[in-house]
Amino acid sequence: MAYRYYHQPLFSHQWGRAIKWLIVANASVYLVQMFVGRNFLYTFGLVPYQVTRNLWLWQIFTYMFLHGGLFHLLINLFILWMFGKPIEREWGTSSFLKYYFTCGLGAAIFILFTSLNSRMPVVGASGAIYGVLLAFAMLYPDSIIYLYFLFPIKAKHFAILIGAIAFLGGISGGRSNIAHFGHLGGLLVGY
């Protein structure tokens, strides 16, 4: 089945309810996050130490709605909009939401197991977004994605590439603000 792309107005009825509400929820929480302050991140971001020692279990859900900056938010929402629309259209709203949150929870579990004692908050929907990218690649494997808007690559090869990058980034042990194992967790649980 070839994937055809056609123009849709912003927030058209063809978007699907899940995509619209996930975008609205993420943007709204980001606005709250900007005004409330840093303690908000430590309360609602995924802080492995708090989850494992103090059983702050809500964090495995709420971290998906927080973001580390405007660019982080915009890139996640852009990818959700771009690749989530055809998936929700194909699967339906309920199935799409179950899949999205399952990938996000899977990413949280990978983060917890790879950094049990970390007191730094992990934020973002990237684990769920990586799952969405994988689902798109499995549904439309020969669709062309333009990496950095320049380089054409088939969706199936793109999914392998981002998985390899997440894996190598995770095992490299380097200090970065990217939760590579969370990305990998979203991919693996999505699979």
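Just so it is clear, the structure is predicted and the values come from calculations on it, not from any experiment.

Cut-offs and rules
Residues numbered from 1 in each chain as written. Predicted model: local features only at pLDDT ≥ 70, side-chain atom pairs only at ≥ 80, totals over all residues. Heavy atoms only, no water. Helix = DSSP H or I, 4+ residues; strand = E, 2+ residues; numbered from the N terminus. Buried < 20%, exposed > 50% of the residue type's maximum accessible area, 1.4 Å probe, protein only. Areas by Shrake-Rupley, 256 points an atom, 1.4 Å probe, with all protein chains shown as cover. Phe/Tyr/Trp six-rings, centres within 6.5 Å; stacked < 30°, edge-to-face > 60°. Expected span 1.5 Å × (residues − 1). Contact = heavy atoms within 4.5 Å. Salt bridge = Lys/Arg side-chain N within 4 Å of Asp/Glu carboxyl O. Axes fitted to C-alpha atoms, helices over the stretch in contact; angles between N-to-C directions. Parallel < 35°, antiparallel > 145°, perpendicular 65-115°, else oblique. Left-handed = near helix turned anticlockwise from the far one by under 90°. Patch = residues over 30% accessible without salt bridge, like charges linked within 9 Å, V, L, I, M, F, W, Y side chains within 5 Å. Core = buried A, V, L, I, M, F, W, Y, C linked by side-chain atoms within 4.5 Å.

Could you give an account of the overall build of the protein chain, naming the residues involved and the relevant values?
Per the secondary structure count, the protein chain includes 9 helices and 2 strands. Listing every helix and strand of the protein chain by position from the N terminus yields α-α-α-α-α-α-α-β-β-α-α. Residues counted as buried form 45% of the 191 residues belonging to the protein chain. Carbon and sulfur atoms make up 69% of the accessible area of the protein chain, which amounts to about 10,700 Å² in all.

Account for the packing of aromatic side chains, with residues named and values stated.
The description of an aromatic ring pair rests on the distance of the ring centres and on the angle between the ring planes. Applying the stated criterion across every chain yields a total of 9 aromatic pairs. When the ring of Trp91 is compared with that of Tyr99, the centres are 5.0 Å apart and the planes differ by 75 degrees; the resulting orientation is edge-to-face. Overall, Tyr99 belongs to the buried group, its relative accessible area being 13%. Put simply, the rings of Phe65, Phe96, Tyr100 and Phe101 pair up and form one aromatic cluster.

With reference to specific residues and values, describe helix 7 (residues 126-139).
With 14 residues, helix 7 ought to run about 20 Å at 1.5 Å a step, and its terminal C-alpha atoms sit 20 Å apart, in line with that. With respect to burial, helix 7 is a largely interior element, 12 of its 14 residues being buried. Looking at the buried residues of helix 7, the elements they touch are helix 5 (70-91), helix 6 (93-114), strand 1 (144-147), helix 8 (155-171) and helix 9 (180-190).

I'd like to hear about the pattern of salt bridges, residue by residue, with values.
Within this structure, the stated rule accounts for 2 salt bridges. Of the charged contacts in the structure, one is a salt bridge between Lys156 and Asp142, with a shortest N-O distance of 3.1 Å. In this pair, Lys156 sits in helix 8 while Asp142 sits in the loop between helix 7 and strand 1, placing the two residues 14 residues apart along the sequence. Under the relative-accessibility criterion, Lys156 is labelled partly exposed at 34%. One salt-bridge network, in which partners are shared between bridges, spans Asp142, Lys154 and Lys156.

Could you give an account of the packing of helix 5 against helix 6, naming the residues involved and the relevant values?
When two helices pack together, their arrangement is captured by the angle between the axes and the distance separating the axes. Packing of helix 5 against helix 6 brings their axes to within 7 Å, and their N-to-C directions diverge by 130 degrees. Our classification of the angle between helix 5 and helix 6 gives oblique. Judged by the twist between their axes, the crossing of helix 5 over helix 6 is right-handed. Where helix 5 approaches helix 6, its residues Leu80, Gly84, Ile87, Glu88 and Trp91 are matched on the opposing element by Thr93, Ser95, Phe96, Tyr99 and Tyr100.

Run through a nonpolar patch on the surface, naming residues and quoting values.
A cluster of nonpolar side chains, namely Leu31, Met34 and Phe35, defines an oily patch on the protein surface of about 370 Å² accessible area. With respect to the element layout, Leu31 can be found in helix 1 (residues 17-36). Given the relative accessible area of 47%, Leu31 is considered partly exposed.

So what's going on with unusual backbone geometry? Residues and values would help.
Notably, Leu55 is not glycine yet its phi reads approximately 55 degrees, a positive angle. Relative to the helices and strands, Leu55 resides in the loop between helix 3 (48-54) and helix 4 (59-62).

Tell me about the nonpolar core, and please be specific about residues and values.
Counting residues in each nonpolar core, the largest one holds 44 residues, and the members touching the most others are Leu46, Leu80, Phe96 and Tyr100. Elements that contribute at least two residues to this core include exactly helix 1, helix 5, helix 6, helix 7 and helix 8. Examining the composition of this core, we find that 9 residues originate from one element, helix 7, more than from any other. For Leu80, the residues in contact, after removing those within four places along its chain, are Ile19, Leu22, Ile23, Lys85, Phe96, Tyr100 and Ile129.

Tell me about helix 8, and name the residues and values.
In a regular helix each residue adds 1.5 Å, so 17 residues correspond to 24 Å; helix 8 covers 24 Å between its end C-alpha atoms and thus fits that length. Looking at the buried residues of helix 8, the elements they touch are helix 7, strand 1, strand 2 (151-154) and helix 9.

Tell me about the environment of Leu116, and name the residues and values.
With respect to the helices and strands, Leu116 occurs in the loop between helix 6 and helix 7. Among the residues examined, Leu116 registers a relative accessible area of 38% and is labelled partly exposed. In this structure the C-alpha to C-alpha distance between Leu116 and Pro48, which are 68 residues apart in sequence, comes to 5.3 Å. Residues contacting Leu116, with those up to four places away along its chain left out, are Pro48, Tyr49, Thr52 and Arg53.

Just distances and angles here, no functional claims.
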